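One-letter residues, chain by chain:
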Amino acid sequence: MLDKINYNDNLPIKVQLLRIENYPIHWHNDIQILYVLEGEINLRLTYTNYHLIKNDIHLIHTGDVHGLTNISEKNLILIFNINVEYFSKIFPNLENQIFTIKVENNSLGQTKKEDIKTLLFSVTKELIFKDTDYKKKTLDLSIELIKVLYSEFRGFTISREERIFSLKVTHDIFQMERINRIISYVYENYFYKLSFTDIAKKENINSYYLSHLFQHFVGESFRSFVSMVRVEMSEIKLLSTNLSISQIAQDVGFSNPKYFVDNFRLWFGYHPKEYRKLFSNKTLNKVKPCIKELPLDTIIENFSHSVPCEIEEPIISPITIPIEFDLKDIPLGKFELFKNNKIIQKTILPISLINKNCHILFSDVSKLYYNISPNKSCINLLKKIIYNPKELKEDICLIDSTDSVNGLFTINGLKKPLYYLYTFLSKMASELIEIGDNYIISKDIDKYSIIVFNEDEISSAIIDIKIFNLSHSYKLTKSKITSANSCIDYWCQLNFNTNISDEDFEIIEAMSQPRISFEIIPKNHTYGLSLDLEPESIVFMEFNKILN
């Protein structure tokens, strides 16, 4: 049943163009992505059949048992083979990741899927034309493809009725990473007795809370998910060996053959013996593939029609992002990256000295700041923190130089957006409640802090925040940073003159400060607010309890 993929040109990626009549049941050690260019096929994947039509795309994981049969004779399938052994050196534990490209009809999921298609065609193009450095370009594109899979397609939910995995778009990246660690652990250790309590201890989280979290993200309880993985992993032995049902049940981690039979019937719809009888003669061991492989350049004439013309230009409209949290939520851990930060404490600098000498050090300041996005370094920093909120290995650059414009101050001492962001971060409450793709929430005894941001360079975003169990009155202070109000934007209006007057310096400093507003929030069970964030803007919110 194992179908070993032979890679060409010393590349860890192989692209094939196939017409398929029947590809018998088999499995690979590698990852495959199927892209239907023409016609229709049936993908039999573990316990589910997928009817794939033109422009559909589907991913097959390492060890997934699958087969392909034609529904229409004139099908044309582009198959991308990804060498897991090679790419695991770059992406550890790649073989145990779950990527879900099946998306519902929502614009966000579809947009992300189009990104995958564009990368797939870019790889194909390199392998067809083989220009200078095509191997390096192919490898770079393949790495970028896997990065997109990691960042956008690891959230999923299971429908037991349809027995399918669907993409679940989540803004809580911290919890998604946690759930994915647990899922990878299950796939690595399914044949052992697994203790959910021990897993919760490793994650430093209450097991009751983790149980609800797992159910919320995956759509199945932890126990049900483990049983599903075990019956899934039993299929290869069931179809390719003569081992007894009791032995297979034991090999995949079931303590009792009856549990194995019940769970196998739940997911596959058959008793294991019946399933073996029906499908063991339809495997690659017993049946030869009936396929025709075509040269990749066959699709050159259709290449331009396959990507751009079928992707309509999106209408640029605000992205709506919901954020909900409960004040009674158990903290996830400490958030003290910027507490007592010496750089923040040393911001009373000899600004006049910097201003005085900048015209000597830099003859053409405009070249440093021309066409840069003032808030880009802020967005990059926040994304790094969200990826790893407990540790940030990064030196803080104080003042811009010819080598870097990622400092807290411009070369003449104006406070940049990054300066204000570091100030926000130093004020954050110390216990982390929740973290997502574009927000961080923390708390102390009498205080809650939220940072939200819109990383999009073009579109605005509407952030809808809902807070539950607000048992006291609070004073809300909102501070907003936008690219349009940065010191760089105002300095540009003066042609980046390095000898600006003290008065102009003070005016720029005043105009580029965060926009601040206040609100008194009465005691209420639930509180909601909606923020309209311009492209690459950031809002810091402090909820301070009003003491009677």
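This text follows the structure it describes.
It should be emphasised that the depicted structure is a prediction, and the values quoted were computed from it without experimental measurement. (Residues numbered from 1 in each chain as written. Predicted model: local features only at pLDDT ≥ 70, side-chain atom pairs only at ≥ 80, totals over all residues. Heavy atoms only, no water.)

Let us look at the overall build of the chain. A count of helices and strands for the chain gives 18 helices and 20 strands. Here the chain, with 548 residues, has 50% of them falling under the buried criterion. Summarising the internal contacts of the chain: among those between residues at least 6 apart in sequence, 76% fall at separations of at least 24. A total accessible area of about 27,000 Å² is found for the chain, and carbon and sulfur atoms account for 49% of it. (Helix = DSSP H or I, 4+ residues; strand = E, 2+ residues; numbered from the N terminus. Buried < 20%, exposed > 50% of the residue type's maximum accessible area, 1.4 Å probe, protein only. Contact = heavy atoms within 4.5 Å. Areas by Shrake-Rupley, 256 points an atom, 1.4 Å probe, with all protein chains shown as cover.)

Attention now goes to the side chain of Asp3. In this fold, Asp3 is placed in the segment before β1 (13–26). Among buried Asp, Glu, Lys and Arg side chains, Asp3 stands out as unpaired, with Lys14 the closest opposite charge at 8.9 Å. Of the polar contacts made by the side chain of Asp3, one reaches the side chain of Tyr23; its length is 2.6 Å. Residues contacting Asp3, with those up to four places away along its chain left out, are Tyr23, His26, Trp27, His28 and Leu284. (Lys, Arg positive; Asp, Glu negative; His and termini not counted. Salt bridge = Lys/Arg side-chain N within 4 Å of Asp/Glu carboxyl O. Polar contact = N/O pair within 3.5 Å; in protein donor to acceptor, adjacent residues only side chain to side chain.)

Let us look at helix α10 (residues 272–279). Taken together, the buried positions of α10 are Pro272, Tyr275, Arg276 and Phe279. Each buried residue of α10 sits inside an arc of 100° when the element is viewed along its axis, so together they form one side. When the buried face of α10 is taken as reference, the exposed residues oriented beyond 90 degrees from it are Lys273 and Lys277. Where α10 is buried, its residues contact β1, β3 (41–45), α7 (222–240), α8 (245–251) and α9 (257–268). (Arc of directions from axis to C-beta.)

The next subject is helix α6 (residues 207–218). The first and last C-alpha atoms of α6 sit 16 Å apart over twelve residues, in line with the 16 Å expected at 1.5 Å per residue. Here α6 starts with a cap whose side-chain oxygen sits 2.8 Å from the backbone nitrogen of Tyr208, and that cap is Asn206. Gly219 sits one or two residues past α6 and shows a positive phi near 90°. (Expected span 1.5 Å × (residues − 1).)

Among the five residues that make up β3, five are buried, leaving the element largely enclosed by the rest of the structure. Side chains Ile41, Leu43 and Leu45 of β3 all project onto a buried face; the interleaved residues Asn42 and Arg44 project onto the opposite face, where all are buried too. Note that β3 and strand β4 (residues 48–52) share five bridges and pair antiparallel. Considered in β4, the bridge of Leu43 is made with Tyr50. Between β3 and β4, which pair antiparallel in sequence order, lie two residues; one of them, Thr46, sits at a positive phi of approximately 45°. (Pairing = 2+ DSSP bridges.)

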